[in-house]
Amino acid sequence: MSAAYFITGTDTDVGKTTVAAGLLHAARSAGLSTAAGKPVASGCEVTPKGLRNADALALLAECSVPLTYQQVNPVAFEPAIAPHLAAREAGVALTVQSLLAPMREILALNADFTLIEGAGGWRVPLADQANLSDLAMALKLPVILVVGVRLGCISNALLTAEAIARDGLQLAGWVANIIDPKTSRLEENLATLAERLPAPCLGRVPKLKSLSAEAVADHLQLDLLD
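Small disclaimer: the values here were computed from a predicted structure and weren't measured.

**Describing the pairing of strand 2 (residues 34–37)**
Within a regular beta strand, the side chains point alternately toward one face of the sheet and then the other, so they alternate between its two faces. On strand 2, burial covers both faces: Thr34 and Ala36 on one face and Ala35 and Gly37 on the other are all buried. Here strand 2 pairs with strand 7 (residues 113–117) via 4 bridges, running parallel. Note that in strand 7 the partner of Ala35 across the bridge is Thr114.

Right, here's the structure in full:
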């Protein structure tokens, strides 16, 4: 097996990294080699080693292939704001081409299971009229969608799936991350998502006391991916 996917979410703060780390852990538990990339991250902490992003560190912790932080997260910004705004304030040219080469280097390692994680939702702006979705298109990767299950998630999920298809990419699977377990008609909402999203549900992640990759992995099924 040598498979790679771009992982995105229906919005920001829907548990994209939580699910990504869980998928990587599940792959490792199955005896697969793993690698990951977080091409751009804002909301980073200043450390003696440079800017560090918690999401990128979580991905790095689940990589069995030796990678440095800079390889996983080549572009990092301190403010917790939209990446294109952080780049503008920092005087950095944030383009698809600037992110493409480092992500291709990760993919070239040919790990059994590789994830490239976006930032926020599908249409996160970069510079000019480019979006982070253009990077996924340039990499030609199938997409895993993390649906943050709460009121309004059905429309967000279906619109994202439509945009992915319109961009010519395959929706390989989706994960229901139960952000609000008190969502009215939760099971009916999940059933509607399963009926309408054109890909298998890789799992339901309940509201967990521990958001460790190991705990999340218990609720995911890698074998449903093509």
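**Some thoughts on the sheet that holds strand 7**
Taken together, 6 strands build an open sheet; the order of strands is 2-7-1-8-9-10 and the sheet is parallel. Whereas interior strands pair on both sides, the edge strands pair on one side only; in this sheet they are strand 2 and strand 10 (201–205). Sheet twist, expressed as the average angle between the axes of neighbouring strands with direction ignored, equals 20°. With 4 bridges connecting them, strand 9 (residues 171–178) and strand 10 associate as parallel partners. Across the sheet, Asn177 pairs through a bridge with Val205, a residue of strand 10. Along the sheet, helix 5 (residues 96–107) makes contact with strand 1 (3–9), strand 2 and strand 7, crossing strand 7 at roughly 165°.

**Here we look at the pattern of salt bridges**
A complete count under the given rule lists 5 salt bridges for this structure. A salt bridge links Arg150 to Asp11; the shortest N-O distance between them is 3.9 Å. Here Arg150, found in the loop between strand 8 (143–149) and helix 7 (153–166), pairs with Asp11, found in the loop between strand 1 and helix 1 (16–29); they are 139 residues apart in sequence, far enough to count as distant.

**Structural notes on the packing of helix 1 against helix 2 (residues 54–61)**
Packing of helix 1 against helix 2 brings their axes to within 9 Å, and their N-to-C directions diverge by 10°. The pairing of helix 1 with helix 2 is recorded here as roughly parallel in orientation. For the pair helix 1 and helix 2, contact is made by Thr17, Ala20, Ala21, Leu24 and Arg28 and by Asp55, Ala58, Leu59 and Ala61, respectively. Of the residues in the contact of helix 1 with helix 2, the class split is 6 nonpolar, 1 polar and 2 charged.

**Section: the UniProt feature "binding site: Mg(2+)" (unreviewed entry) in the protein**
Within the UniProt annotation, "binding site: Mg(2+)" (unreviewed entry) is assigned to Thr17, Asp55 and Glu117. Annotated residues spanning 101 residues; largest pairwise C-alpha distance 9.5 Å, indicating a single compact cluster. Within the element layout of this structure, Thr17 appears in helix 1. Apart from residues lying up to four places away in sequence, Thr17 is in contact with Asp55, Ala58, Leu59 and Glu117. The partly exposed category is assigned to Asp55, whose relative accessible area is 32%. Not counting the four nearest positions on each side in its chain, Asp55 is found in contact with Thr17 and Lys38.

The rules behind the values
- Here the residue numbering is sequential within each chain, running from 1 through the sequence in written order.
- In keeping with the predicted nature of the model, local features appear solely for residues at pLDDT of at least 70, side-chain atom pairs appear and are counted solely at 80 or more, and the whole-chain, interface and lining totals rest on all residues.
- For the side-chain quantities, the full set of heavy atoms in the structure was used; hydrogens and water were omitted.
- Relative accessible area decides the class of each residue, using a 1.4 Å probe on protein chains only: under 20% of the type maximum gives buried, over 50% gives exposed, and in between gives partly exposed.
- Working definition: helices are DSSP H or I runs of at least four residues, strands are E runs of at least two. Numbering for both runs from the N terminus.
- The rule for pairing is simple: two strands pair if DSSP sees at least two bridges between them.
- Axis definition: a line fitted to C-alpha atoms, over the contacting stretch in the case of helices. Angles run 0 to 180 degrees between N-to-C directions.
- For this analysis, residues touch if any pair of their heavy atoms sits within 4.5 Å.
- Salt bridges are identified by distance alone: a Lys or Arg side-chain nitrogen within 4 Å of an Asp or Glu carboxyl oxygen.
- For classification, angles of less than 35 degrees are called roughly parallel, those exceeding 145 degrees roughly antiparallel, those between 65 and 115 degrees roughly perpendicular, and all remaining angles oblique.
- Just so you know the grouping, Ala, Val, Leu, Ile, Met, Phe, Trp, Tyr, Cys and Pro go in nonpolar, Asp, Glu, Lys and Arg go in charged, and all remaining residues, Gly too, go in polar.
- UniProt positions are given in the numbering used here, feature names are shortened, and annotations may be inferred rather than shown by experiment.

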